[in-house]
Amino acid sequence: MKNIFKKNSGGEEQTKPVRGGKGAKKKKSKKTLVIIIVVVIALLLLMLRGCGGGESGAMVTTTNAERGSLQESVSTSGTVSAEDVTVFFAPTNGKLANVNVAAGDTVKAGDVLIAYDSTRLDRDFREATLRQEKSNAGYNNAISDSADNQAKLNEATTNLAVLDQQLTDQKAYLKDLEAKLSESQRGTQNSLADENYDLTKDIAKLEEEMKDLTPGTDEYTKKEKKLKQKQSQLSRNNYLQQVANSSDYVAEMQAEIKRVQEQIADEEAYKAEMQSQKNASENGVMDSYDKISYEADKELAEIAYAEAEKAYYESKSGLCAEFDGVVTEVSAVQGSVVTEGMQLCKLESTENVKVSLQASKQDVAKLAIGQKAEVTISGNTYAGTVSKINRMASMNNSGTPMVGVEVHIDEPDEKIILGLDAKLTIETRSVEDALLVPVEAINADREGDFLYVVEDGKVVRKPVTCGISNDTYTEIIEGITEEDQVIVTYYGSLEEGMAVTVMPTM
């Protein structure tokens with residue numbers, strides 16, 4: 001009887017052995033022939049044992065572990081799908097003039113899938129353009145008016161300050177004229193002489209003090225203003241002194257008083273005008289809140305126009321394929337009216353294609369991003385690369401946790417059809433110069449893996465540590481050497497220490 005404690009080689013797991021260089025079919029044929037020959041020899045030996053009456057032990061076949069390379073792989077299946085998927089939504093409200101595709105159609109990049117009726121598009125875009133122009137005009141007008149009013153406000157504010165000072169000076173001058181006119185000529189002369197003397201001293205003092213001050217400072221400006229007032233007063237007094245000696249003194253004083261009064265009246269009128277201008281312009285100057293409001297309205301109009309412009313040109317040229325692919329869904333109906341955001345169709349790429357599969361926890365432990373794969377679709381073989389391994393498992397229909405894996409097809413062609421099943425062989429691990437034994441030699445029990453070897457004609461049990469494996473060979477990491485005579489097959493039952501007869505191997 002053959003050894004009954006065989007180690008399971010992993011279900012879907014397969015490898016590509018590189019030792020020996022022969023194909024799997026040839027190996028199976030050779031293996032079958034060897035088994036037949038071994039069985040014939042075993043029967044002959046049994047007959048001889050029966051005739052001779054001796055007990056030479058159970059008959060076994062053996063081999064020695066060999067060094068070689070081994071490639072492990074995971075064989076599985078999945079579904080072909082696109083890596084790039086575009087869902088087309090209606091960019092704007094409107095009527096569909098043409099729907100040029102149906103589900104299952106292949107298209108090229110740039111092909112028009114769906115076209116709008118341009119009548120309404122032209123009208124809606126024109127409305128958006130006019131709204132933006134109106135908003136811009138309103139904003140620019142408000143800014144311009146505000147700037148004009150600000151200029152008028154600045155002018156009125158400056159002029160009012162100057163007028164207030166001039167009126168103050170003129171009124172003081174008028175009062176002085178009237179006072180001097182009421183005095184006698186002698187009294188006026190004496191008074192002017194005394195006043196001029198004081199003014200001259202004050203002017204000299206101010207000029208001396210200003211020498212130590214920096215022009216432009218507040219103190220310098222105040223003294224300069226005071227100096228000009230004193231100099232102006234001195235000039236008036238000198239004029240009055242000149243006319244006071246004339247016989248026309250009274251007439252000239254009265255004429256000067258009249259002139260000053262008229263000037264004060266003109267300045268009062270101009271002040272009233274400036275005050276009115278100030279009041280009116282203050283209401284026309286935008287404050288920070290008004291400016292924010294106008295700018296927000298302008299920006300909203302620009303956003304609306306940009307969206308309308310984009311929708312117009314996208315719709316005007318039609319919804320076009322961005323890449324070569326297959327139209328997998330079409331919900332648009334020719335002649336129907338659609339609203340913005342409505343789903344119209346779905347395009348899946350045939351340029352970037354993948355195979356999606358579900359891996360068990362045993363298989364996913366062997367998989368890694370970048371591993372190479374052989375993908376077979378409808379009898380055609382393609383090279384692939386593991387591109388994604390999900391970080392979360394999900395339960396399948398049997399309640400088994402499975403992990404989603406994606407394999408990118410490196411060079412897809414027009415023969416690939418989305419949605420078909422695909423067979424995959426993913427190269428996982430490999431070893432070089434490893435110690436290899438046939439898989440049928442491996443036994444297992446609760447204590448672990450072990451091999452039976454023949455030493456001095458008897459069976460010896462040797463625990464081993466196995467590495468990667470396939471349906472032909474298993475890597476032995478620890479437990480035996482190349483000199484050990486490993487039992488591959490046996491007839492009957494084996495126990496450690498029993499004598500065995502080693503049959504010749506073919």
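Here the structure is a predicted model, which is why all the values come from computation and not from measurement.

About the criteria used
For every chain, the first residue of the written sequence is number 1, and numbering continues from 1 along that sequence. It should be noted that, the model being predicted, local features are given only for residues of pLDDT at least 70 and side-chain atom pairs only at 80 or more, the latter also being counted only at that level, while totals for whole chains, interfaces and linings use all residues. Just so you know, side-chain values use all the structure's heavy atoms and leave hydrogens and water out. Patch building starts from residues that exceed 30% relative accessible area and form no salt bridge, then joins like charges within 9 Å and nonpolar side chains (Val, Leu, Ile, Met, Phe, Trp, Tyr) within 5 Å. Areas reported here follow the Shrake-Rupley algorithm with a probe of radius 1.4 Å; residue values treat only the protein chains shown as occluding. Any Lys or Arg side-chain nitrogen found within 4 Å of a carboxyl oxygen on Asp or Glu counts as a salt bridge. A run of DSSP states H or I qualifies as a helix once it reaches four residues; a run of E qualifies as a strand once it reaches two. Both are numbered from the N-terminal end. For each residue, the accessible area found with a 1.4 Å probe, counting protein chains only, is set against the maximum for its type, and the residue is called buried under 20%, exposed over 50%, and partly exposed in between. Pairing of aromatic side chains here covers Phe, Tyr and the six-membered ring of Trp, requires ring centres within 6.5 Å, and sorts the geometry by plane angle: under 30 degrees stacked, over 60 edge-to-face, intermediate tilted. Charge-over-ring contacts are defined here by two conditions on Lys NZ or Arg CZ: a distance within 6 Å of the ring centre and an angle within 35 degrees of the ring normal. Strands pair, by our definition, only if DSSP identifies at least two bridges between them. Residues grouped as a nonpolar core are buried Ala, Val, Leu, Ile, Met, Phe, Trp, Tyr and Cys residues, joined through side-chain atoms within 4.5 Å. It only takes one pair of heavy atoms within 4.5 Å for two residues to be counted as in contact. A helix's residues, less one, multiplied by 1.5 Å, set its expected span. Polar contact criterion, stated in full: a pair of N or O atoms within 3.5 Å, where within protein one must be able to donate a hydrogen and the other to accept it, and residues adjacent in sequence count only if both atoms are side-chain atoms. Every axis corresponds to a line fitted to the C-alpha atoms, with the helix fit spanning only the stretch in contact, and the corresponding angles, defined between N-to-C directions, vary from 0 to 180 degrees. When describing relative orientation, an angle under 35 degrees is termed roughly parallel and one over 145 degrees roughly antiparallel, while 65 to 115 degrees is termed roughly perpendicular and anything else oblique. Each crossing gets its hand from how the near helix is turned against the far one by less than a right angle, where anticlockwise is left-handed and clockwise is right-handed. Side-chain classes are defined by residue name, with Ala, Val, Leu, Ile, Met, Phe, Trp, Tyr, Cys and Pro counting as nonpolar, Asp, Glu, Lys and Arg as charged, and the others, Gly among them, as polar.

Focus on a nonpolar patch on the surface
- On the surface, a nonpolar cluster with roughly 230 Å² of combined accessible area is contributed by Val-85, Val-87 and Phe-89.
- Within the secondary structure layout, Val-85 lies in strand β4 (residues 85-89).
- Under the relative-accessibility criterion, Val-85 is labelled partly exposed at 41%.

Thoughts on the packing of aromatic side chains
- Going through the model one piece at a time under the given rule, you end up with four aromatic pairs.
- Judged by centre distance (5.9 Å) and plane angle (70°), the ring pair of Phe-125 and Tyr-313 falls under edge-to-face. Note that Phe-125 is positioned in helix α2 (residues 118-181) and Tyr-313 in helix α6 (residues 288-317), a separation of 188 residues in sequence.
- For Phe-125, a relative accessible area of 13% puts it in the buried group.
- Measuring from ring centre to ring centre gives 5.2 Å for Phe-450 and Tyr-452, while their planes differ by 80°; the resulting arrangement is edge-to-face.
- Taken together through their ring pairs, the aromatic side chains of Phe-125, Tyr-305 and Tyr-313 make up a single cluster.
- Positioned over the ring face of Tyr-173 is Arg-236, at 4.3 Å from the centre of the ring.

Some details on the environment of Ser-73
- Looking at the element boundaries, Ser-73 is found in strand β3 (residues 66-82).
- Sequence-wise, Ser-73 and Lys-372 are 299 residues apart; in three dimensions their C-alpha atoms are separated by 9.8 Å.

Some thoughts on the sheet that holds strand β6 (residues 106-107)
- A sheet is described by the order of its strands in space; here four strands give the open sequence β4-β11-β9-β6, paired in antiparallel fashion. Strands with a single pairing partner mark the edges of an open sheet, and in this sheet they are β4 and β6.
- Relative to strand β11 (residues 343-349), strand β9 (residues 325-330) runs antiparallel, the two being bridged by five bridges. Residue pairing across strands places Glu-329 opposite Lys-346, the latter belonging to β11.

Quick look at the nonpolar core
- Among the nonpolar cores identified, the biggest contains 22 residues, and Leu-96, Val-107, Leu-113, Ile-114, Leu-344 and Leu-347 are the most heavily contacted of them.
- Every element with two or more residues in this core is listed here: β5 (94-99), β7 (112-116), α2, α6 and β11.
- Excluding residues that lie within four positions of it along the chain, Ile-114 makes contacts with Leu-96, Asn-98, Val-99, Gly-318, Leu-319, Ala-332, Leu-344 and Cys-345.
- Formed by 20 residues, the second largest nonpolar core is a distinct cluster that contains Leu-367, Ala-373, Val-375 and Val-405.

A look at α2
- The terminal C-alpha atoms of α2, which comprises 64 residues, lie 92 Å apart, in line with the 94 Å expected from a rise of 1.5 Å per residue.
- By the N-cap criterion, in which a side-chain oxygen at the helix start approaches the backbone nitrogen of a residue two or three places on, α2 is capped by Asp-117, the distance to Thr-119 being 3.1 Å.

Observations concerning the packing of α2 against α6
- It is the contact of α2 with α6, at a shortest axis distance of 9 Å, that shows an interaxial angle of 160°. Here α2 is positioned roughly antiparallel relative to α6, judged by the angle of their axes. The hand of the α2/α6 crossing is left-handed.
- In terms of residue class, the contact of α2 with α6 is made up of eleven nonpolar, seven polar and seven charged.

Section: unusual backbone geometry
- Unlike most non-glycine residues, Ser-378 shows phi in positive territory, near 50°.
- Along the polypeptide, Ser-378 turns up in the loop between β13 (372-377) and β14 (380-395).
- What makes Ser-378 exposed here is its relative accessible area of 53%.
- Positive phi, normally seen in glycine, also occurs at Asp-433, with a value near 50°.
- Residue position: Asp-433 is located in strand β16 (residues 421-438).

Points about the pattern of salt bridges
- For the structure shown, the criterion picks out 19 salt bridges.
- Here Lys-354 and Glu-406 are joined by a salt bridge, their closest N and O atoms 3.0 Å apart. Of this pair, Lys-354 sits in strand β12 (residues 353-359) while Glu-406 sits in strand β15 (residues 401-409), and the two are 52 residues apart along the sequence.
- Close ionic contact of Arg-461 with Asp-445 constitutes a salt bridge, the shortest N to O distance being 2.7 Å. One end of the pair, Arg-461, is in strand β19 (residues 458-463); the other, Asp-445, is in strand β17 (residues 443-445), with 16 residues separating them in the sequence.
- In this structure, a network of salt bridges that share partners links the residues Asp-445, Glu-447 and Arg-461.

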